[in-house]
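# Fold and geometry: a report
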Amino acid sequence: MEKNIAVIKGDGIGPEVVSETMKVLDAVGQKYNHQFHYTQILMGGCSIDAYGEPLTDEALAIAKSSDAVLLGSIGGNTSTSPWYKLSPNKRPEAGLLKIRKELGLFANLRPAYLYPELADACPLKEATSAKGFDMIIVRELTGGLYFGERSTKEVNGELVAHDNLIYSESEIRRIAIKAFEIARVRRKKITSVDKANVLDSSRLWRKVVNEVAKDYPDVEVEHMLVDNSAMQLVANPSQFDVVLTENMFGDILSDEASMITGSIGMLSSASLREDKFGLYEPSGGSAPDIAGKNVANPIATILSGAMMLRYSFDLNKEADAIEQAVRDVLKEGYRTVDIYKDGDKKVSTSEMGDLIASRV
Ligand code: IPM
Ligand code: MG
């Protein structure tokens, strides 16, 4: 099989973790006889430095015409980087929001599970309720607060800022359907997270989710308020299977969920639409403090590459091979510094990539 992949290495640790992922994809290509063609494009801070904007039309066009997009991370230190002196629609993050919207990627899947090998890295390791959890967050990605009209104006001598939180029934319905389809091939349980005790958008969310639920009588649905969900995620993470939620709540809860797996450096993510196209990126950020030091954990990005093979290219056995290689390397005791403890074999970013590629 031949596939064209648009590659956005981005900022911070992005270039390092993406290079390792390309190494692993090439190992898969060699073993299973596939050709992955990469076209690199700029997005985020590096694009601002080169072209004065976080995502050019040319780069967007290349992404649009590819079969899938692989992304590292974008952005820098929000208090010290010069990128953050620019207006919000010129900053690195604006590139990411634009590509998500322009490519129509409304469904963001963020799996979070605890590898038995990393049980000790889980901050909740003493709690039996945290044993062996395995959940997937299905986050709406192109609506809500992130895309509502916003402004900062002077009113009566002081600044007043507003951000609109808007959801339509159709936007809620299509992400709910995605979540129910995923629940069907998992443990058949959905927790829909909202703030329906306060927000109109959440009350609509709940109504639409209940309507969609009628078509999936085999899936159990519960509604949970977002504040309670944040608490339940640390109190009893193994109760969750599919967590369905809107854009901002999903952003926050997915960072929380990823940390209880031991490290945000382990969590992959896929942003999808109705067809096979997708953008694949680690759940974590650009980590500017450790960029360029060859210490970042590339596993989240490598596992995102596996998701790309599975969801966009239907290459399931190849995706399994990557996931198995990651488990093997962890079993053998290799750890990047974020998941390292005494007695483990400490490896760099590129050594971790080599190990996983060789186990494929
Ligand atoms: C994420 C990130 C982005 C988001 C930022 C960089 C705009 O935090 O993918 O979770 O909030 O969606
Ligand atoms: Mg986030």
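Residues numbered from 1 in each chain as written. Chains lettered and ligands numbered in written order. Predicted model: local features only at pLDDT ≥ 70, side-chain atom pairs only at ≥ 80, totals over all residues. Heavy atoms only, no water.

Along the chain, Thr336 turns up in the loop between strand E13 (334–335) and strand E14 (345–346). According to the relative accessible area criterion, Thr336 is buried, its value standing at 0%. In terms of polar contacts, Thr336 uses its side chain to reach the side chain of Asp338, at 2.6 Å. (Helix = DSSP H or I, 4+ residues; strand = E, 2+ residues; numbered from the N terminus. Buried < 20%, exposed > 50% of the residue type's maximum accessible area, 1.4 Å probe, protein only. Polar contact = N/O pair within 3.5 Å; in protein donor to acceptor, adjacent residues only side chain to side chain.)

Turning our attention to the domain arrangement of the chain. Partitioning the chain into structural domains gives domain 1 (1–105 + 268–360) and domain 2 (123–260). On a C-alpha basis, the centres of domain 1 and domain 2 stand 24 Å from each other. Carbon and sulfur atoms make up 61% of the area that domain 1 and domain 2 hide from each other, which totals about 850 Å². Taken together, the links from domain 1 to domain 2 amount to 2 residue pairs in polar contact (both at pLDDT 80 or more). For the side of domain 1 that touches domain 2, the elements supplying multiple residues, two or more each, are helix H4 (92–102) and strand E11 (270–272). Considering each element in turn, the side of domain 1 that touches domain 2 owes the most residues, 3 residues, to H4. Taken together, the residues of the side of domain 1 that touches domain 2 sort by class into 3 nonpolar, 2 polar and 4 charged. (Domains from an automatic or database assignment. Buried area = accessible area lost by both parts, 1.4 Å probe. Nonpolar A, V, L, I, M, F, W, Y, C, P; charged D, E, K, R; others polar.)

This part is about the UniProt feature "site: Important for catalysis" (unreviewed entry) in the chain. Under the feature "site: Important for catalysis" (unreviewed entry), the UniProt entry names Tyr146 and Lys195. Looking at the element boundaries, Tyr146 is found in the loop between strand E5 (134–140) and strand E6 (150–155). Excluding anything up to four places from it in sequence, Tyr146 contacts Leu97, Arg139, Asn247, Met248 and Asp251. Positionally, Lys195 belongs in the loop between strand E8 (189–194) and helix H6 (200–213). Once you skip the residues sitting within four places of it in the chain, Lys195 turns out to touch Ser202, Leu225, Val226, Asp227 and Phe249. (UniProt positions renumbered as here; feature names shortened; annotations may be inferred. Contact = heavy atoms within 4.5 Å.)

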